[in-house]
Amino acid sequence: MPHGRRAECVRGGGDLAASTSRLGCEDAAVHVLIAPDRYDGALSAPEVGAALAAGWGRAAPHDVLATVPLSDGGPGLLDALAATLDGTLHAVVTTDPLGREVPASVLVTEPGGPTKGPDAGRRTAYVEAAQACGLHLLGEAERDPGVASSHGVGPLVEAALELGVSRLVVGVGGAATNDAGAGLLAALGVGTAARLARGGSDLVSVTEADLDGLDAARERLRGVDLVVATDVDAPLLGLKGTSAVHAERRGATPEQAQSLENALGHFAAVVARVRPPARDLLSGTLLRPEREPGAGAGGGLAFALRLLGGRLVPGVDVVAEAVGLERYLAAADLAVTGLARFDWESLRGTVCVGVAAAASRHGVPAVVVAGEALVGRREAMAAGLSGVYAVAERPAEVQASRADPAGALSRRVERVARTWSPPPR
């Protein structure tokens, strides 16, 4: 039993805001860490955590529950972090992918506070790019990655810099844009909005003159530790790149996806002429930022932030480190995570796989409770999960879960709890 560790530790069904030392809960049957992602379009990560805890608490009131909402760097990033970190939300007004005003915020943590990990001793800002360029901001008929712009992410970055932070984390997942972050660059003083903030399709005609100011923008961020929290490991270009894999879900036709690939390829070539890529010191090969895993995250937002000096890190790892996930796992007997849809794409870079990997390092089994589960048991076990439980397995259950997502989730996890936490003698 680790000494000197603390967790959000409560009796099942109790107040999740209470904080108690694990050593004060020694007679509990199981110490359960609840670390979910959000359920897209239904529940935020904190709401998912509360529903899981409520259901588990009813079935196993003798257990000790710790809730730590997580995110992969996409929509809901600030909700998850604000639930655990001691920070302040600063309101910002920015624009959506079509240039309409939308409210947003920046989360700032202060040095010298109770925050551990990478934020300790540094003023850190967290930016959720999806608040400005998220797919959820557009109606079905409005989705067109050829014209959607990341320009609105710029005011969020500007606001963070004006708050005097020395570390800036930008989560880039969930974007409706496919513009390689050109709109963001324009908002930060690179070229003009008329040339760079009109969507991915317009990048096919960009020239070197349109990137005037790139070095100045890099210089402005030189003293800031810029971390890019990516939700996918796709490069910018190629068969596994952002246009080929993700453009259609943003509203593009197959033909438009190919056109966007060409436009982003042209843009990357112009960038390479303006700012020639460095060479690997050992092999001498060129380090092409457009080929870096994760550069295609956020429709290429990660690529633009990489040009500004950012370093690409999987979003789930960034959040896990910020909230101290390893510390919670060291005091756990079981980890329970969750997401809306557990499918083949969930096997890479998602919260559930990140929790499973971290739990395995502590010898702790991990299970996932998903709205829908489309992955077989063998594949789930290969990802480090000891169990996968679907809230909805039949059409009638799907409709019921949509009508009352928190209630359906809570009732499902009651049955899971009876499997993993039998009553104490």
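Given the structure is predicted, the values throughout are model-derived calculations rather than measurements.

Could you give an account of the overall build of the protein chain, with specific residues and numbers?
If you tally the helices and strands in the protein chain, you get 16 helices and 12 strands. Computed over C-alpha atoms, the radius of gyration of the protein chain comes to 22 Å, within 12% of the 22 Å expected from 2.2 N^0.38 for 425 residues, which places it in the range of a compact globule. Referenced to the eigenvectors of the C-alpha coordinate spread, the extents of the protein chain come out at roughly 75 × 50 × 45 Å. Looking at the protein chain as a whole, 54% of its 425 residues qualify as buried.

Explain the side chain of glutamine 131 to me, using residue names and the numbers behind them.
By secondary structure assignment, the location of glutamine 131 is in helix α3 (residues 130–133). For glutamine 131, a relative accessible area of 15% corresponds to the buried category. Setting aside residues no more than four positions away along its own chain, glutamine 131 makes contact with Leu78, Val102, Pro103, Ala104, Ser105 and Leu137.

Can you tell me about the pattern of salt bridges, naming the residues and giving the values?
In total, this model carries 24 salt bridges according to the counting rule given. A salt bridge links glutamate 414 to arginine 58, with the nearest nitrogen and oxygen atoms 2.8 Å apart. Of this pair, glutamate 414 sits in helix α16 (residues 405–420) while arginine 58 sits in helix α1 (residues 45–59), and the two are 356 residues apart along the sequence. A residue is classified by how much of its surface remains accessible, and arginine 58, at 46% relative accessible area, is partly exposed. With its nearest N and O atoms 2.8 Å apart, the salt bridge here joins glutamate 110 to arginine 123. One end of the pair, glutamate 110, is in the loop between β5 (101–109) and β6 (124–128); the other, arginine 123, is in the loop between β5 and β6, and 13 residues separate them in sequence. Each member of the salt-bridge network shares a partner with another, and the members are Arg122, Arg167, Asp225 and Arg311.

Could you give an account of the pairing of strand β11 (residues 366–373), with specific residues and numbers?
Strand residues, when the strand is regular, have side chains that alternate between the two faces of the sheet. With respect to burial, β11 is a largely interior element, six of its eight residues being buried. Chirality of the crossover, the property in question, places the unit of strand β10 (residues 334–342), helix α13 (residues 351–361) and β11 among those that are right-handed. Pairing analysis gives four bridges linking β11 to strand β12 (residues 387–390), with the strands arranged parallel. In the strand pairing of β12, valine 367 is matched with glycine 387. Once you follow β11 into helix α14 (residues 377–382) and on to β12, the crossover reads as right-handed.

Talk me through the packing of aromatic side chains; I want residue IDs and the actual numbers.
For the structure shown, the criterion picks out one aromatic pair. Taken together, a centroid distance of 6.4 Å and an interplanar angle of 70 degrees make the contact between phenylalanine 267 and phenylalanine 303 edge-to-face. Pair noted here: phenylalanine 267 is in helix α9 (residues 254–274) and phenylalanine 303 is in helix α10 (residues 301–307), with a separation of 36 residues, a long-range link. Assessed through its relative accessible area of 0%, phenylalanine 267 is described here as buried. Residue classification places phenylalanine 303 among the buried residues on the basis of a relative accessible area of 0%.

Just give me the short version of the environment of glutamate 110, but keep the residues and values in it.
The class of glutamate 110 is partly exposed, set by a relative accessible area of 36%. Taking C-alpha positions, glutamate 110 is 30 Å from alanine 357, a pair spaced 247 residues apart along the chain. The residues touching glutamate 110, leaving out its near neighbours within four places in the chain, are Arg122 and Arg123. Here the side chain of glutamate 110 touches arginine 123 through a polar contact of 2.8 Å, side chain to side chain.

Any chance you could break down empty space enclosed by the protein for me, citing the residues and the numbers?
Under the definition given, this model contains two cavities of 30 Å³ or more. Roughly 30 Å³ of volume is contained in the second largest cavity. For the second largest cavity, the full set of lining residues is Leu188, Ala217, Arg220 and Leu221. Here the lining of the second largest cavity is composed, by residue class, of three nonpolar, no polar and one charged.

Summarise the nonpolar core; cite the residues concerned and give the values.
In terms of nonpolar packing, the biggest core is built from 54 residues, with Leu168, Leu196, Leu203, Phe267, Phe303 and Leu308 touching the most fellow members. When near neighbours in sequence (up to four residues on either side) are disregarded, leucine 308 contacts Leu185, Leu188, Leu214, Ala217, Arg218, Leu221 and Leu226. Counting 43 residues, the second largest nonpolar core, distinct from the first, contains Leu33, Leu78, Leu81 and Leu385.

Conventions we followed
- Residues numbered from 1 in each chain as written.
- Predicted model: local features only at pLDDT ≥ 70, side-chain atom pairs only at ≥ 80, totals over all residues.
- Heavy atoms only, no water.
- Helix = DSSP H or I, 4+ residues; strand = E, 2+ residues; numbered from the N terminus.
- Rg over C-alpha atoms; globule rule 2.2 N^0.38 Å.
- Buried < 20%, exposed > 50% of the residue type's maximum accessible area, 1.4 Å probe, protein only.
- Contact = heavy atoms within 4.5 Å.
- Salt bridge = Lys/Arg side-chain N within 4 Å of Asp/Glu carboxyl O.
- Right-handed = clockwise from strand over helix to strand, strands pointing away.
- Pairing = 2+ DSSP bridges.
- Phe/Tyr/Trp six-rings, centres within 6.5 Å; stacked < 30°, edge-to-face > 60°.
- Polar contact = N/O pair within 3.5 Å; in protein donor to acceptor, adjacent residues only side chain to side chain.
- 1 Å grid on protein atoms, 1.4 Å probe; cavity = no way out; pocket = protein on both sides within 12 Å on 5 of 7 lines; lining within 4 Å.
- Points joined across faces, edges and corners; volume = space filled by probe spheres on them.
- Nonpolar A, V, L, I, M, F, W, Y, C, P; charged D, E, K, R; others polar.
- Core = buried A, V, L, I, M, F, W, Y, C linked by side-chain atoms within 4.5 Å.

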